[in-house]
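Each chain, letter by letter, is given below.
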Amino acid sequence: MPSTDAQLSTIANWIDSAALSETPLQAHREFNGKIPISEHEGPVESVGGISATRRAAAWAFAYHVQVVENDGKWRVQIVPYFQGPDSHSIPPQVPDVSDFGVETWTALSAKVCSHFGKARLHHLLFERKVGKVRDHAILAAQSYLTLAGTWEKELDKGECLNIALRLARSVGNHDLANNVVTAMLTLATNVIASDAHKPGAATQILGPLIGERVPPKALQGLLDAAIDRYDSPFVKAQFFSLKLRLNKGDGARSGIYSDLVQMWLDAAAKATGLVRAGHLKAALQQAQASAVPHLIDRAASSLQTLRNEDLGLKSFSASSAVSREEFESYLKPVVDCTDWQQALLHFAFTYGPATGSIENTRKRAAEYAKHSVLADLATMELIGSDGLPRFSPQSDAEIEEVRLTRQESFTLQHMAPLLAIALHRIAETHGVPTEEDLTSFFAQGMLTDAELASSIARCFIRYWSGDTEGAAFTIAPKVETLARNLVLALDAGVYKLQRNEKPGQYPGLGYLLGVLRTKDMDESWYRSILTICGNPAGGWNLRNEIAHGFIPAAGSPAAALLFQCVIYLWSLGAKPQNVDAEVETGGEQA
């Protein structure tokens, strides 16, 4: 070799000196400090030399060695500390190291005395498949096993033992593997029994042992001891998860799930506010994973008992004022009409969708995201009126949906009272039409027969007679009725297809609106109806809340929003003679 024996001896001494450190991090830092990182870049030439020898030695201790799980199988990985998008890495991938570099590693493995040096160098030579490959794996595993006893921290000990076990298993040395397993069980026992709170070290050891073809019998007791040892429900849950992986039988898993659900319920009983809600949600998630009906019922009933006051949530309100002149100007579209029929159409199309245009919504949502970076970093969980989790955005698309719906809901808070007054002003200005006249008007539409038109007419009469609650409760189902009729009128076939595939069930309003969106329904109106009636991502969900009994009383703003949805959907299949050109254009959007 071109490099001198004295140079190799010096480097070996550096390695053995670094091995006297208390942690592997300190050891690697000390050795890497002998050869600056500026010397890492570049190839190791086949001609060798002092610089090439130093570079090859520096590389050996610059790799990251880690044990990872993939599809339930544990593997050792040796990866460079830097990998670029063009496949360039520092150090190079182990198979790409030149022969001179391998010769340097081989020479150093014979000179070092520390198990720190022998473990790394023989591991690299095994990975590179140099000489007697099996011998390198065994020597590396033996050194890792011994090295584990020299480090100060349990996590470092566990990492060495995990690597040793994988190497011993890779070459079929069962006696060495059994020795490593014994050391791992001893370490896990000591960690769990110690006064120090180090659950991470225990899971680091027990997880890979569960992945053994024949897991040690002592694992069951160690997992139970860990569950009893630690107080945090999040830590306990990790050991329960390992216990579920260890036990494959349905009977055993059912009992484990029962204990896990009860653990979260007990933790919730000791907590308050949002922490309590989070624990109850975890209990429900685990109950659902178990697919055991009585566990699901127990967890769901506990979560449903939550109310806003239990969560410690605060309600905020704000108000705004407009001048009388501006307010009357807002009402002019329905006041200046020639009759109530035209006023109803302007109520929908002149004011437009109550949530505003989708373009404005996106603009406001983008502005909010720009100035509220922290809001998107926090985990979000939307709770329904039943106290159960309703929506938790996971993907970027779902987060964006929450942003849009939030802005639409803000707009609804402003628009709903104004629309309610506008609807009242129609009757005040043009008189309350008779039920027969209203029925005749709505019967003009292709989506309504005489019976449906009469039912819609009675809803308007209730509103104008002061029974806004009755009007809201009875008009709400008509939104879905008209959406379904429109799907059928467009010959989409979804309704009939759903009934054939799921007898006795109906496609929901959200699904029907989705079909209409594919048929070119105006996006702003689509989102308005969805957010008003049934958007789980933070919408008002009036249709769903009313249907499931979570709105004990509905006022005129809620009713007015639903009436606007009904008029819009009805108009998509109507061509009344007294609709002016502007309104006709708006009514042909789907």
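Since this is a predicted model, take the numbers as computed values, not measurements.

S.K.: Tell me about the side chain of Thr355, residues and numbers included.
M.R.: Along the chain, Thr355 turns up in the loop between helix 17 (340-349) and helix 18 (358-371). With relative accessibility at 1%, the residue Thr355 sits in the buried group. When neighbours within four sequence positions are excluded, Thr355 is seen to be in contact with Thr361, Arg364, Glu408, Thr411, Leu412, Ser524, Arg527, Ser528 and Thr531.

S.K.: Give a detailed account of the nonpolar core, specifying residues and quantitative values.
M.R.: Counting 101 residues, the largest nonpolar core has Trp105, Phe116, Tyr144, Leu206 and Phe239 as the members making the most contacts within it. Sort the elements by how many residues they give to this core and helix 8 (residues 174-193) lands first, with 10 residues. Those residues in contact with Phe116 that lie beyond four places of it in its chain are Ile15, Ala18, Ala19, Ala27, His28, Phe61, Leu147 and Trp151. Counting residues in hydrophobic clusters, the runner-up holds 72 residues, among them Cys459, Ala558, Ala559 and Cys565.

S.K.: Would you mind going over unusual backbone geometry in detail, with residue names and values included?
M.R.: Between Ile90 and Pro91 the backbone carries a cis peptide bond, its omega angle lying at -15 degrees. Here Pro91 is to be found in the loop between strand 4 (89-90) and helix 4 (99-111). Not every positive phi belongs to a glycine, and Ser87 is a case in point at roughly 75 degrees. With respect to the helices and strands, the residue Ser87 is situated in the loop between strand 3 (82-83) and strand 4. The backbone phi angle of Lys129 is positive, close to 60 degrees, even though this residue is not glycine.

S.K.: Go over the pairing of strand 2 (residues 73-79), please, and point to the residues and values.
M.R.: In this sheet, strand 2 lies alongside strand 1 (residues 64-70) in antiparallel orientation, the contact comprising seven bridges. Bridging across to strand 2, Gln66 finds its partner in Gln77. Hairpin remark: strand 1 followed by strand 2, antiparallel, with two residues in the connecting loop; positive phi at Asp71, about 55 degrees.

S.K.: Any details on helix 21 (residues 435-442)? Residues and values, ideally.
M.R.: For an α-helix the count is 3.6 residues per turn, leaving residues at separations of three or four pointing the same way. If you check which residues of helix 21 are buried, you get Leu438, Thr439, Phe441 and Phe442. The buried residues of helix 21 occupy one face: seen down the axis, they fall within an arc of 160 degrees. Those residues of helix 21 that are buried lie in contact with helix 17, helix 22 (450-464) and helix 28 (556-571).

S.K.: Could you give an account of the packing of aromatic side chains, naming the residues involved and the relevant values?
M.R.: Enumeration over the complete set of coordinates arrives at 18 aromatic pairs. Taking 6.4 Å as the distance between ring centres and 80 degrees as the angle between the ring planes, the aromatic pair formed by Tyr63 and Trp105 counts as edge-to-face. Of this pair, Tyr63 sits in the loop between helix 3 (50-60) and strand 1 while Trp105 sits in helix 4, placing them 42 residues apart in sequence. The buried category is assigned to Trp105, whose relative accessible area is 0%. On the basis of an interplanar angle of 45 degrees and a centroid distance of 4.3 Å, the ring pair of Phe460 and Phe563 is categorised as tilted. Within this pair, whereas Phe460 is found in helix 22, its partner Phe563 is found in helix 28, the two being separated by 103 residues in sequence. Just as Phe460 is buried, Phe563 falls in that class too. An aromatic cluster of three or more residues is present, and its members are Trp340, Phe441, Phe442, Phe460, Tyr463, Trp464, Phe563 and Trp570.

S.K.: Go over the packing of helix 17 against helix 20 (residues 396-430) with me, naming the residues and quoting the values.
M.R.: As a packed pair, helix 17 and helix 20 sit with axes 10 Å apart at the nearest point and diverge in direction by 170 degrees. Taken as axis vectors, helix 17 and helix 20 run roughly antiparallel relative to one another. Contact residues: helix 17 offers Trp340, Ala343, Leu344 and Phe347, while helix 20 offers Leu419, Ala422, Leu423, Ile426 and His430.

S.K.: Explain the pattern of salt bridges to me, and be specific about the residues and the numbers.
M.R.: With the rule as written, the count across this model stands at 17 salt bridges. With a shortest N-O distance of 2.5 Å, Arg169 and Glu212 are connected by a salt bridge. Within this pair, whereas Arg169 is found in helix 7 (residues 154-170), its partner Glu212 is found in the loop between helix 9 (199-210) and helix 10 (218-229), the two being separated by 43 residues in sequence. Taking the shortest distance from any N to any O, the salt bridge between Asp336 and Lys332 comes out at 2.9 Å. On the basis of relative accessible area, Lys332 is assigned to the partly exposed category, the value being 42%.

The rules behind these values
Residues numbered from 1 in each chain as written. Predicted model: local features only at pLDDT ≥ 70, side-chain atom pairs only at ≥ 80, totals over all residues. Heavy atoms only, no water. Helix = DSSP H or I, 4+ residues; strand = E, 2+ residues; numbered from the N terminus. Buried < 20%, exposed > 50% of the residue type's maximum accessible area, 1.4 Å probe, protein only. Contact = heavy atoms within 4.5 Å. Core = buried A, V, L, I, M, F, W, Y, C linked by side-chain atoms within 4.5 Å. Pairing = 2+ DSSP bridges. Arc of directions from axis to C-beta. Phe/Tyr/Trp six-rings, centres within 6.5 Å; stacked < 30°, edge-to-face > 60°. Axes fitted to C-alpha atoms, helices over the stretch in contact; angles between N-to-C directions. Parallel < 35°, antiparallel > 145°, perpendicular 65-115°, else oblique. Salt bridge = Lys/Arg side-chain N within 4 Å of Asp/Glu carboxyl O.

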